[in-house]
Amino acid sequence: MAERKIKIATTSLAGCFGCHMSFLDIDEKLVLLNDRIEFNRSPFTDIKQCSPSDIGLIEGGVCNADNVRVLREFRASCAILIAVGACAITGGVPAMRNYFDLRECLEEVYLNGTGVTNPQIPSDMELPLLLDKVYPVQEVVKIDYFLPGCPPSADAFLQMLVPLLDGQKPRLATDQLHYD
Amino acid sequence: MTYESNKAIDANSITIDGETVPFDAGQTIMDAALAAKIHIPHLCHYPGLTPAGNCRLCMVEMNGESVAACVTQAQSGQQVSSNTPELNAARLAITQMLFVEGNHICPSCEKSGNCRLQAMGYYLGMLEEHFHQFNPRREIDASHSTVLLDRDRCILCDLCVRASRDIDKKNVFAIAGRGIHARLVVNTASGKLGDSNIEENDLAAKICPVGAILIRERSFDSPVGERIYDRRSISDTALTEHVPEKEVDRG
Amino acid sequence: MLVLMKNQSRPRSLIFDKQHLLHRLYILQQQDRHISSETIVRVAGECNMPVSQVASVVDFYSFFYREPVGQYHMLLSNCTSCGYQAGETDLLKMLCRSLNVDPGITRADGRVSISETSCIGMCDHGASMLINGIPLVGLDETKVVRIAGLVEQQMTLCQWPQDWFQITHPIRQGGMLLNNVGPPGNSLTKALSTGPGRTLDMIEYSGLRGRGGAGFSTGKKWRFCREATGDTHYVVCNADEGEPGTFKDRFLLQCHAGALFEGMAICASVIGARKGFLYLRGEYRYLLTHLQEALELQYNNNLLGCSILGHAGFDFDIEIVVGAGAYICGEESALIESLEGKPGVPRIRPPFPVTCGYLGQPTAVNNVETFIAAAYIVDHGSGVFRMSGTEHSAGSKILSISGDCRNPGIYEYAFGVSIQQVLNDCGADNAQAVQIGGPAGTLVARRDFRRRISFEDVSTGGSFLVFGENRDLLAVNQNFARFFAHESCGFCTPCRVGTRLMEGSLQKIVDGRAVAADIDEIKRLSSLIMRYSHCGLGHTAANHMLDSLKQFPDLFEERIMRQAFSPQIDLEAALETARQITHRDDADAHLD
Ligand SMILES: Cc1cc2nc3c(=O)[nH]c(=O)nc-3n(C[C@H](O)[C@H](O)[C@H](O)COP(=O)(O)O)c2cc1C
Ligand code: SF4
Ligand code: SF4
Ligand code: SF4
Ligand code: FES
Ligand code: FES
């Protein structure tokens, strides 16, 4: 009897999709995994709403209201939530704006910066509203596991996922632990 | 010969995690541990410089008391424990504190892979920073032609201060300000590094454990995979570090 | 501070050295209302010091400013007793509103600046402030309104009602030290005729322990110091009195300076010192003139100076050094650093000051009250002293009592007095708890009021803060947490970072955003700060949290949300700036 496939949802918040690319780097092993997992909401599938899943992978930090909503939705629907990559875990490169006031940032970019034409700070209901800082995901919801790296290597993804598929606690090997 | 006679004076020994470790008069617990190739985690200590005792990574339990190994004199009969789950948990938290009080974005840092703070994180199994980030705004000093000062990453370890004062004999740096406002300052009228006499070969320019003092145009010299802590653990490299003899002579 | 030269045996310039870095900076700041980078460079040149040393001193002490402060510079105490929030109204806010100025920012016309500062030791005088360094006490709403008027009319402080500056000294309950007003010179005369060796024996036998908080045997300390080798020895009186709620040294300096200086001279004779320092906290600068006069009197009476009381070869001078706002400078090794014109960063100990103190020489550092007790012992005998108190706590303790009681002030008790007794005496009928020994000390709840003041049980450097039934104890914790974060010297990681983190964690609880895990986190953080910090500040910085959690767990439980996780950040608030910038208020512009 075929086992139920483990449902995995993934998303990128304030990230660069580098972590997703690295995940795909699992290459041929992804095929092996494929027998045991199926993707729910994910850039890989185009499913827009996250239904109950076993594992959620979050790439990227939390920079706006939309990120908060998506992250909360993931938390609500995923049994296990994993923060993936430097941006999710520390804010990463997008968090470089954190040393400035949001107002200063926006004014520099949209009003005072070099080469700005038609200076105005965008305000549109379609645009997600920015948070004052870019936050690590664990500052917003409870996170079960962390997979650091920028991006984490394909092997690191496997080290995280395979034990979880077997119902075990994953543990990252020392040589896979890096912050860049 | 000397070794023999040292061994004979077994009064001069302590134990670290159950292991008997000899010491010479005047040595700290850290000195004795390093001589015996035992790693007690440390960041603000660098053999050859006067210890400062500020990072608190080297905290050990000595006869039931918590002390900093780098500034505590070894004395016969001390029973020291260092590699315990409790102490390592405390060290992890202290490392996380150092991360959140500054601005550490490893993916964009020139020191990444060669950074002792980062390596300490690896050694202690730090997966995330745990505490709320402070996001301080700190000044970058790019006024010097070859040495760059990026205070965002400074962990106030005081190594550059001591290296410059005691070895280079230039006294280029100091720590000013109180509490969380403590910051590295440059000992010039302008406060700028460019007006100091620091040179890229000075120990002070090279000793920074993190990416706060950098030699310009030397970043990303070694490719990923071949940087210091890509290959070795800090528990290993830390055993061999020492201020080069010629620098000590100079000093 | 202008120093008048009178025709006396000891020029004031030797009592107060204007060239000391802290004094020099203070004088320059009096002229310019701040210390500019140019000033720093100039002073460094004049003092032949590294620029960075002068800069680090300026940046370390609270009372030195890099930016100009106002012509009227007001620092409101934020102590739980003499603080601007001690009453119903937030007097700081009110004062700022009345004068149209933001806290910490000098008004555009340069007229006024208003900030807060750690306890200024006026806890028995109600809400208080330092205005241009001078204590103004008994602040209330009416006074705030009048102050605003006087500032706007540019009245000089001498034109202000002088009773606002009146510091009174009610002795509510005297004891062996407070009632002892013998003729000057008795103690020192006896010490000199007894000889240093036997005087030391007396001090040792008396069982006197340090009154500054730690309770180390004074006799032992003096003996270690006497036996330590060095080119010269020093006596230092610790008059930093920074522990919030402590003001007994203020009183002793005002009313018993002679006994203090005799005590210091006795110590000098015992340890073989020719020079002593009185390190006076910057908040008590207003006492400087009085202390200078008191010292002159000692010189005139030959109780200081050369060949004291005719004993050829016994020369001893005392110099006053005034601090500039830093609680940590009460820690003896930080104090010594400060004396040496450096930031008050505690040294690595050992070596202790008794062997390696001021300028690396053997130094005996004692609290004001300790010296006075020593003088008493020499005059009246160690037996009398030992008869008072308990087995391990000989003699008496002077308490500074303040907070929710009818009769705040100075009380002296034989050690061993019960807390309940003290509360009865000071008219605290509804106390729910007392904080003994200040924020670094012990919180004692009502059920434990039988406990006793002594080194064996609840010890204190003198601070005794009463919290009545209506006190919000969590707000007290918050106040203390802010105090430590503000006063941490910044040298070591657990204290520098941990005390800040503690503030944040506590805020989360106060705001009702915390969950049970946050309480565990506070406990973990507390033990981290207390176990792994470098000095006594860190070691005690979380006592108040652990005490509260233990004695009043409900305070915390009540505010806890019954869920597994809640963010430290207030996300809805984190959108506010963006809402303002974009003028949005639609549903998507909010989270909750
Ligand atoms: C953070 C801190 C602050 C202190 N503040 C004071 C103080 O204001 N006055 C004082 O006498 N001792 C203070 N002490 C204690 C001193 O370090 C020292 O023990 C004392 O001055 C010794 O004098 P004693 O033996 O007469 O008490 C403080 C200690 C610490 C750790
Ligand atoms: S200094 Fe070290 S820890 Fe900090 S950002 Fe650079 S590599 Fe990372
Ligand atoms: S710049 Fe580097 S060496 Fe100097 S104090 Fe900062 S972290 Fe330490
Ligand atoms: S415990 Fe606090 S006050 Fe003491 S040295 Fe450390 S940072 Fe400074
Ligand atoms: S998106 Fe993967 S680390 Fe930044
Ligand atoms: S290595 Fe000992 S405190 Fe930093």
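- Looking at an unreviewed UniProt entry, one finds chain C named NAD(P)-dependent nickel-iron dehydrogenase flavin-containing subunit, with Nitrosomonas marina as its source organism.
- In its Sequence similarities (unreviewed entry) section, the UniProt entry covering chain C states "Belongs to the complex I 51 kDa subunit family."
- In the Cofactor (unreviewed entry) part of its UniProt record, chain C is described as follows: "FMN".

- Under the annotation held in an unreviewed UniProt entry, chain B carries the name [NiFe] hydrogenase diaphorase moiety small subunit and is attributed to Nitrosomonas marina.
- Within the UniProt record for chain B, the comment given under Cofactor (unreviewed entry) is "[4Fe-4S] cluster".
- Heading Sequence similarities (unreviewed entry) of the UniProt record for chain B holds this comment: "Belongs to the complex I 75 kDa subunit family."

Thoughts on the interface of chain B and chain A
Part 1 of the reasoning: Between chain B and chain A, the residue contacts involve 24 residues of the former and 25 residues of the latter.
Part 2 of the reasoning: A combined buried area of about 2,000 Å² lies between chain B and chain A, and 57% of that area is made up of carbon and sulfur atoms.
Part 3 of the reasoning: Applying the counting criterion to the chain B and chain A interface returns 2 salt bridges.
Part 4 of the reasoning: Among the salt bridges present, the one from E104 of chain A reaches R137 of chain B, with a minimum N-O distance of 2.4 Å.
Part 5 of the reasoning: Considering each element in turn, the side of chain B that touches chain A owes the most residues, 3 residues, to helix α4 (residues 116-123) of chain B.
Part 6 of the reasoning: Taken together, the residues that form the side of chain B that touches chain A break down as 9 nonpolar, 10 polar and 5 charged.

Concerning the interface of chain C and chain B
Part 1 of the reasoning: Taken together, the contact between chain C and chain B spans 38 residues of the former and 39 residues of the latter.
Part 2 of the reasoning: Taking both sides of the interface into account, the surface hidden between chain C and chain B amounts to around 3,100 Å²; carbon and sulfur atoms contribute 60%.
Part 3 of the reasoning: Taken as a group, R496, R531 and Y532 of chain C account for 20% of the area that chain C buries against chain B, more than any other trio of residues on that side.
Part 4 of the reasoning: The tally of links between chain C and chain B comes to 5 salt bridges.
Part 5 of the reasoning: With a shortest N-O distance of 2.8 Å, R531 of chain C and E61 of chain B are connected by a salt bridge.
Part 6 of the reasoning: Among the elements that line the side of chain C that touches chain B, the one with the most residues is helix α18 (residues 493-510) of chain C, at 7 residues.
Part 7 of the reasoning: Across the side of chain C that touches chain B, the residue classes break down as 18 nonpolar, 12 polar and 8 charged.

Focus on the site of ligand 1
Residue and element names in this part refer to chain C.
Part 1 of the reasoning: Lining the immediate environment of ligand 1, one finds 18 residues, of which G212, N238, N366, N367 and T370 sit closest.
Part 2 of the reasoning: Within the backbone of G330, a nitrogen or oxygen atom sits 3.2 Å from a nitrogen atom of ligand 1.
Part 3 of the reasoning: In isolation ligand 1 offers 610 Å² of accessible surface; the protein chains occlude 89% of this area.
Part 4 of the reasoning: Secondary-structure elements contributing two or more residues to the shell around ligand 1 are β9 (363-367) and α20 (536-540).
Part 5 of the reasoning: It is β9 that provides the largest number of residues to the shell around ligand 1, a total of 3 residues.
Part 6 of the reasoning: Among the residues forming the shell around ligand 1, the class breakdown is 3 nonpolar, 9 polar and 6 charged.

Calculation notes
Residues numbered from 1 in each chain as written. Chains lettered and ligands numbered in written order. Predicted model: local features only at pLDDT ≥ 70, side-chain atom pairs only at ≥ 80, totals over all residues. Heavy atoms only, no water. UniProt positions renumbered as here; feature names shortened; annotations may be inferred. Contact = heavy atoms within 4.5 Å. Buried area = accessible area lost by both parts, 1.4 Å probe. Salt bridge = Lys/Arg side-chain N within 4 Å of Asp/Glu carboxyl O. Helix = DSSP H or I, 4+ residues; strand = E, 2+ residues; numbered from the N terminus. Nonpolar A, V, L, I, M, F, W, Y, C, P; charged D, E, K, R; others polar. Near = heavy atom within 4 Å. Polar contact = N/O pair within 3.5 Å; in protein donor to acceptor, adjacent residues only side chain to side chain. Areas by Shrake-Rupley, 256 points an atom, 1.4 Å probe, with all protein chains shown as cover.

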